[in-house]
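For reference, the chains in residue letters:
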Amino acid sequence: GGTSAGSSIKQMKLEKESELRIEVANDTPLRLRLLNGTAEIFGTELPPQMWLSFPPRLKFAVFTWYGATIEMDGSTETDYTADETPMVSYVNVHAILDARRNRAKASSTDSEPVQGPRVIVVGPTDSGKSTLSKMLLSWAAKQGWKPTFVDLDIGQGAITIPGCIAATPIELPIDPVEGISLEMPLVYFYGHTTPSQNVELYKVLVKELAEILQRQFTGNAESRASGMVINTMGWIEGVGYELLLHAIDTFNANVVLVLGQEKLFSMLKDVLKSKPNVDVVKLQRSGGVVSRSAKVRQKSRSYRIREYFYGIVNDLSPHSNIANFSDLFIYRIGGGPQAPRSALPIGADPIANPLRVTPVNIDRDLLHVVLAVSYAQEPDQIVSSNVAGFIYITDIDLQRKKITYLSPTAGELPSKYLIMGTLTWLET
Ligand code: ATP
């Protein structure tokens, strides 16, 4: 591997059940194609012969079940072949889920239809949760199912920008470059990238999302049989652990996949043994998962927001709009960061009301803030409403009382109610 001046085409032969792990260079994209054999990227098959372009910094693996030859054009940060992967155990899980989907489908006209699998993927940061979730979804979609992807990870959103929890049906294997197609995701705005900012709000939003999905499943046998795959946060200690249990419970998960941590596995196995219909399965972390420092995570959050407005390959052009202060109604949910109970006098509440919705005065503090556009019709519906999208504040003119913001589309916002959290972005 390594970066070499000038681009050169390189051929790599992959033996069966091995993968080519690649980190694209920081500043140039990489072209790659499948020359012969069959191969997939995180569950999505590569088309034969066709050159594909991968954007800078992308980290991925090309895996082959039966052997393949890959051609690469361009430089990489690293690329190497690995023949030890946990892929066989992952695809075995898929086979079991598939059988359950078939059983659910067969019972869909019964008076009490069986639910499709509700899989939740848990584990520490950098254990490959998002990647395993995507593989399970893509393998299911390839077989014609329409599983629902639920992303509860507010730190590194796979469906939309950070600070949100979201769900979307997956109808086709996930495109390894473009990611999840954003037709109509169901998105709730939490507004922060760590759950400790407002644990109560996080739980309420998880519950809202679960209830809406439950309602959708009731009327849709295909989605119900296909089930869901839920990706979670890497925070598994203390409150993080409590939130995992809350998610398992709220979504009625019946398969818990624990990636790469013995302790978490045994804790969950123990606490869930009273629920015989919940399977807790331990899976190995792939050696290919790239660890990310806090700084790298911060950066990737920032790229995610950039992608929302400009597209992954700069194919979108957001609009700059100007509004009067009086046109926009900005609200905040709850107070500032929560003090731990132990830091307060006995009997005191850590926070008066974490779900209280309060209006925000427009001032210079709003500069560079990312706001969500709520579907709420009234301020008191803000907590329980999903959001249409996001805007980014680029200028505040206090004299003329004008606010300039970036929006993915031109024209009026779908609602005048905006939600502010602590999510900011510095356009680069
Ligand atoms: P977090 O909880 O911190 O969000 P995670 O557990 O969800 O992390 P992933 O996002 O799945 O971890 O993986 C981290 C990075 O490693 C991603 O960029 C992913 O594309 C990459 N990665 C995962 N598996 C492989 C692999 N086998 N080869 C190369 N790169 C990989």
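Rules used in this analysis
Residues numbered from 1 in each chain as written. Predicted model: local features only at pLDDT ≥ 70, side-chain atom pairs only at ≥ 80, totals over all residues. Helix = DSSP H or I, 4+ residues; strand = E, 2+ residues; numbered from the N terminus. Rg over C-alpha atoms; globule rule 2.2 N^0.38 Å. Buried ≥ 20, exposed ≤ 12 C-beta atoms within 10 Å, placed from the backbone. Contact = placed C-beta atoms within 7 Å. Axes fitted to C-alpha atoms, helices over the stretch in contact; angles between N-to-C directions. Parallel < 35°, antiparallel > 145°, perpendicular 65-115°, else oblique. Left-handed = near helix turned anticlockwise from the far one by under 90°. Nonpolar A, V, L, I, M, F, W, Y, C, P; charged D, E, K, R; others polar. Expected span 1.5 Å × (residues − 1). Arc of directions from axis to C-beta. Pairing = 2+ DSSP bridges. Near = placed C-beta within 6 Å. UniProt positions renumbered as here; feature names shortened; annotations may be inferred. Core = buried A, V, L, I, M, F, W, Y, C linked by C-beta atoms within 7 Å.

How should I be thinking about the overall build of the chain in this particular structure?
Within the chain, the secondary structure is distributed over seven helices and 23 strands. Taken against the 2.2 N^0.38 rule, which gives 22 Å for 428 residues, the C-alpha radius of gyration of the chain at 23 Å falls within 12% of a compact globule. With 428 residues in all, the chain has 38% of them scored as buried. In the chain, of all internal contacts separated by at least 6 residues, the share reaching a separation of at least 24 is 73%.

Looking at this model, I keep getting lost on the packing of helix α1 (residues 87-106) against helix α2 (residues 129-142). Mind explaining?
For any two helices packed against each other, the geometry is given by the interaxial angle and the distance between the axes. The geometry of α1 relative to α2 is characterised by a closest axis approach of 10 Å and an angle of 50 degrees between their N-to-C directions. Judged by the angle between their axes, α1 and α2 are oblique. Note that α1 runs across α2; the crossing there is right-handed. Counted together, Tyr90, His94 and Leu97 of α1 and Leu132, Met135, Leu136, Trp139 and Ala140 of α2 form the full contact between these two elements. For the contact of α1 with α2, the residue count by class is seven nonpolar, one polar and no charged.

Help me out: how do you make sense of α1 in this one?
Owing to its 3.6 residues per turn, the α-helix aligns residues three or four sequence positions apart on the same side. Spanning 20 residues, α1 covers 29 Å between terminal C-alpha atoms, matching the ideal 28 Å at 1.5 Å per step. Restricting attention to buried positions, one finds in α1 the residues Tyr90, Leu97, Arg100 and Arg101. Buried residues of α1, viewed axially, fall in a sector of 105 degrees; they line one side. Pointing more than 90 degrees away from the buried face of α1 are the exposed residues Val88, Ala95, Ala99 and Ala106. Close packing links the buried residues of α1 with β10 (118-122), α2, α4 (221-226) and β16 (279-283).

When you look at the sheet that holds strand β2 (residues 18-24) in this model, what are you seeing that I'm missing?
Backbone-to-backbone hydrogen bonds join strands into a sheet, with any given pair of strands oriented parallel or antiparallel. Read across the sheet, five strands follow the order β5-β4-β7-β2-β9 without closing on themselves; strand pairing throughout is antiparallel. Only two strands of the sheet have a single partner each, and these edge strands are β5 (44-45) and β9 (76-82). Both strand β4 (residues 40-41) and strand β7 (residues 59-64) contribute to a ladder of two bridges, which runs antiparallel. Its bridge partner being in β7, isoleucine 41 is matched across the sheet by valine 62.

Looking at this structure, how should I read the pairing of β10?
Side-chain positions along a regular strand alternate between the two faces of the sheet. The element β10 is extensively covered by neighbouring structure, given that five of its five residues are classed as buried. The alternating pattern of β10 places Arg118, Ile120 and Val122 on one face and Val119 and Val121 on the opposite face, and all of these are buried. Across four bridges, β10 lies against strand β14 (residues 228-231) in parallel orientation. Each residue of the ladder has a partner; that of isoleucine 120, found in β14, is isoleucine 230. Bridging between β10 and strand β15 (residues 255-259) involves four bridges; their strand directions are parallel. Paired with isoleucine 120 across the bridge in β15 is valine 256.

Can you walk me through the site of the ligand in this structure?
Of all residues adjacent to the ligand, which total 19 residues, the nearest are Ala61, Ser130, Thr131, Gly234 and Gly288. For the shell around the ligand, the elements supplying multiple residues, two or more each, are β2, β7 and α2. Its residues assigned to classes, the shell around the ligand comprises four nonpolar, nine polar and six charged.

Explain the sheet that holds strand β20 (residues 369-374) here, please?
Read across the open sheet, the seven strands follow the order β17-β22-β21-β20-β23-β18-β19; overall the sheet is mixed. Since the sheet does not close on itself, it has two edges, and those belong to β17 (319-324) and β19 (357-359), each with one partner. With strand direction ignored, the average angle separating the axes of adjacent strands in the sheet is 40 degrees. Direction of pairing for β20 relative to strand β21 (residues 387-397): antiparallel, over a ladder of five bridges.

Can you help me understand the environment of asparagine 231 in this one?
Along the chain, asparagine 231 turns up in strand β14. Separated by 73 residues in the primary sequence, asparagine 231 and alanine 158 have C-alpha atoms spaced 8.9 Å apart. With residues up to four places along the chain from it excluded, the contact list for asparagine 231 reads Val121, Lys129, Ser130, Ser133, Asp151, Leu152, Asp153 and Ala158.

Can you walk me through the environment of isoleucine 159 in this structure?
Residue placement: isoleucine 159 occurs in the loop between β11 (148-151) and β12 (164-169). The spatial distance from the C-alpha of isoleucine 159 to the C-alpha of glutamate 77 is 26 Å, given a sequence separation of 82 residues. Once you skip the residues sitting within four places of it in the chain, isoleucine 159 turns out to touch Phe149, Asp151, Ala166, Thr168, Ile180 and Pro185.

What should I look at first to understand the UniProt feature "domain: Clp1 N-terminal" (unreviewed entry) in the chain in this one?
Within this structure's numbering, the places UniProt gives as "domain: Clp1 N-terminal" (unreviewed entry) are residues 13-104. Across residues 13-104, helical content stands at 20% and strand content at 47%; the span's end C-alpha atoms are separated by 41 Å.

Teacher, can you tell me more about the nonpolar core here?
Nonpolar side chains in soluble globular proteins tend to end up buried together. Counting 107 residues, the largest nonpolar core has Val119, Ile120, Ile165, Ile230, Val256, Val258 and Leu371 as its most contacted members. Residues contacting valine 258, with those up to four places away along its chain left out, are Val122, Gly123, Leu264, Phe265, Leu268, Val280, Val281, Lys282 and Leu283.

Help me out: how do you make sense of unusual backbone geometry in this one?
For residues other than glycine, phi is negative in most cases, and the peptide bonds are mostly trans. Phi is positive for arginine 57, which is not a glycine, with a value near 75 degrees. With respect to the helices and strands, arginine 57 occurs in the loop between β6 (52-54) and β7. A tally of 16 C-beta atoms within 10 Å means that arginine 57 is categorised as partly exposed. One non-glycine residue, lysine 401, adopts positive backbone phi at about 55 degrees. Looking at the element boundaries, lysine 401 is found in the loop between β21 and β22 (402-407). Overall, the presence of 12 C-beta atoms within 10 Å leaves lysine 401 in the exposed class.

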